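Breakdown of the fold
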Amino acid sequence: MESTLKDLRQHAISVSLFKPTSLSRAVERLGFVQADPIRSPARAQDLILRHRVENYRAGYLEQHYPALDLEEDFLYAYGFMPQSTWQLLHPRRERELSPDEQRVLVIVANNKRIHPRELEAYLGAGRERNDWGGYSKATTRTLQSLHYHGFLRVAERENGIRLYELAARTHEPAAPDERLRQLVLLIASILGPLSDRSLRAVVQHLAHAAPTLEGRRSIVTQLIETSELAHAVVDQVRYVWPASDQIEASQNETVRFLAPFDPLVWDRKRFEHFWNWSYRFEAYTPAAKRQLGYYAMPMLWRDDIIGWVTISNQKGNLVVEPGFKKDISTDLNFDNEFEAEVERFRLFLQKR
């Protein structure tokens, strides 16, 4: 298929930044919304959804989550997903539960939902080494393990803390090869068009998300051969995307401040190729070495990333500081569209 870099950019924008809809429909259409705890200026999941949900406000997902048919779980990162995605990930590898895990299940069963702190009243507040070399409370680690293996689910959050309940849902899982096929097409839909090399790398995250599914190393090639993944070569890079993608040809005339974890930004290699800019997320970079700022958000104008903004709330006033990688001084429409996006962001941060 003949495509240009401009075609691929417009394809990515059209598919990802669909017309805003309801919260439940937006999450269903995305298939997955990555979460991140940093709140400067808002959590990643809220920053992602604000572009895709009508009249969205920061915190809406957490507020409405208990009433929606959603789950928290791990795909290629941790986040929120509809049942249709969650069912492709489970069942995960079964194993025998430890006595402590069995006891936790009994405790949770006797409570409508439980806060990790409440569990400490039963099991104590001991700590154990976590996967990052630090220490976590043993109760939290046990809850997370039971959640990962599908025995518990996140019922809601309280000030960002996960509250758990028994996972009562049952489903008849599809055949493993079909689950893998659908998961890879889903990832390609969320992040595509992306290079086949990037897609293969992301698919390897399924070793954690869906460890019983075999064939991860060959599935991308198979889907290209069956034409379920369309592809095009631009600048000697082969890009792939679901052949079922529906692309709208409308011109994007909006300024958007994008989260560092937004699907349009997520694949840094694609970002650099599409927009000729090696963007880096600097929240975990020492302050003295930052070039853009603690939480610099790429700024999309039409089909181009022209720079970034940092946003802070100083004494109740929203402060938006832009930086530019490309000259737009001759674009008379930009200033008005930039101010419109600032006002949308101001409303997004307001509670109703």
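Predicted model only: the values in this text are computed from it and were never measured. (Residues numbered from 1 in each chain as written. Predicted model: local features only at pLDDT ≥ 70, side-chain atom pairs only at ≥ 80, totals over all residues. Heavy atoms only, no water.)

**Focus on helix α14 (residues 334–349)**
In plain terms, the rule: Helix and strand assignments come from DSSP, with helices taken as H or I runs of at least 4 residues and strands as E runs of at least 2, each series counted from the N terminus. A helix is expected to reach a length of 1.5 Å times the quantity of its residues less one. In this scheme, a residue with accessible area under 20% of its type's maximum is buried, one over 50% is exposed, and one in between is partly exposed, where area comes from a 1.4 Å probe on protein chains only. Regarding the arc, it is the one traced by the directions from the helix axis to the C-beta atoms. Any two residues having at least one pair of non-hydrogen atoms within 4.5 Å are treated as being in contact.
Over its 16 residues, α14 extends 23 Å from the first C-alpha to the last, a length consistent with the 22 Å expected when each residue adds 1.5 Å. Restricting attention to buried positions, one finds in α14 the residues Phe334, Phe338, Glu341, Val342, Phe345 and Phe348. Along the axis of α14, the buried residues cluster in a sector spanning 120°; they form a single face. As for α14, its buried residues are in contact with α3 (44–49), β11 (255–257), β12 (297–301), β13 (304–314) and β14 (317–324).

**Some remarks on the sheet that holds strand β10 (residues 237–242)**
In plain terms, the rule: Pairing between strands requires that DSSP locate at least two bridges from one strand to the other.
With antiparallel pairing, the three strands of this open sheet are ordered in space as β8-β10-β9. The open sheet has two edge strands, β8 (194–195) and β9 (229–234), and neither has a second partner. Alignment of β8 against β10, held across two bridges, turns out to be antiparallel. Paired with Ser195 across the bridge in β10 is Tyr239.

**A few points about helix α13 (residues 268–275)**
The condition is simple: Whenever two N or O atoms come within 3.5 Å, that pair is a polar contact, provided that in protein one can donate a hydrogen and the other can accept it, and provided that, for residues adjacent in sequence, both atoms are side-chain atoms.
Taken together, the buried positions of α13 are Arg270, Phe271, Phe274 and Trp275. For α13, the angular spread of buried residues about the axis comes to 105°, placing them on one side. Regarding α13, its N-cap is Asp267, as a side-chain oxygen of that residue lies 3.2 Å from the backbone nitrogen of Lys269 further along. Count one or two residues on from α13 and you reach Asn276, which has phi positive near 55°.

**So, the sheet that holds β12**
Heads up, the rule is: What counts as an axis is a line fitted to C-alpha atoms, over the stretch in contact for a helix, and the angles between N-to-C directions run from 0 to 180 degrees.
Spatially, four strands are ordered β11-β12-β13-β14 in an open sheet, and the strand pairing comes out antiparallel. With one partner strand each, in any of the chains shown, β11 and β14 form the two edges of the open sheet. On average, each strand axis in the sheet is inclined to that of its neighbour by 30°, with strand direction left out of account. Two strands pair when backbone bridges link them, and β13 and β14 are joined in this way by eight bridges, in the antiparallel orientation. Each residue of the ladder has a partner; that of Ser312, found in β14, is Val319. In the packing of α14 onto the sheet, the strands contacted are β11, β12, β13 and β14, and the crossing angle to β11 comes to about 40°.

**What to know about the domain arrangement of the chain**
Much of the literature gives interface size as the accessible area that the parts lose upon coming together. Put simply, the rule reads: Domain segmentation is taken from an automatic or database assignment of domains.
By the assigned domains, the chain splits into domain 1 (99–166) and domain 2 (255–349). Look at where the C-alpha atoms of domain 1 and domain 2 centre, and you get two points 37 Å apart.

**Digging into the side chain of His51**
With respect to the helices and strands, the residue His51 is situated in the loop between α3 and α4 (60–64). His51 gets classed as buried once you look at its relative accessible area, which sits at 5%. Among the polar contacts listed, one links the side chain of His51 to the backbone oxygen of Phe257, at a separation of 2.9 Å.

**Remarks on the confidence of the model for the chain**
The condition is simple: Per residue, pLDDT captures the predictor's confidence, and it can take any value from 0 to 100.
Per-residue confidence for the chain gives a mean pLDDT of 91, with 95% of residues at or over 70. Counted against residues more than four places away or in other chains, residues 128–136, with its pLDDT under 50, gives 16 contacts.

**Some points on the packing of aromatic side chains**
Each aromatic ring pair is described using two quantities: the centre-to-centre distance and the angle formed by the ring planes. This is how it is decided: Think of it this way: a Phe, Tyr or Trp ring, Trp meaning its six-membered ring, pairs with another when their centres are within 6.5 Å, and the plane angle makes it stacked under 30 degrees, edge-to-face over 60, tilted otherwise.
Scanning all chains against the criterion turns up 21 aromatic pairs. Note on Tyr239 and Phe274: the rings are 5.5 Å apart at their centroids and 40° apart in plane angle, and the pair reads as tilted. Within this pair, whereas Tyr239 is found in strand β10, its partner Phe274 is found in helix α13, the two being separated by 35 residues in sequence. Both residues of the pair, Tyr239 and Phe274, belong to the buried class. Among the aromatic residues, those joined into a cluster by ring pairs are Tyr56, Tyr60, Phe257, Trp301, Phe324, Phe334, Phe338, Phe345 and Phe348.

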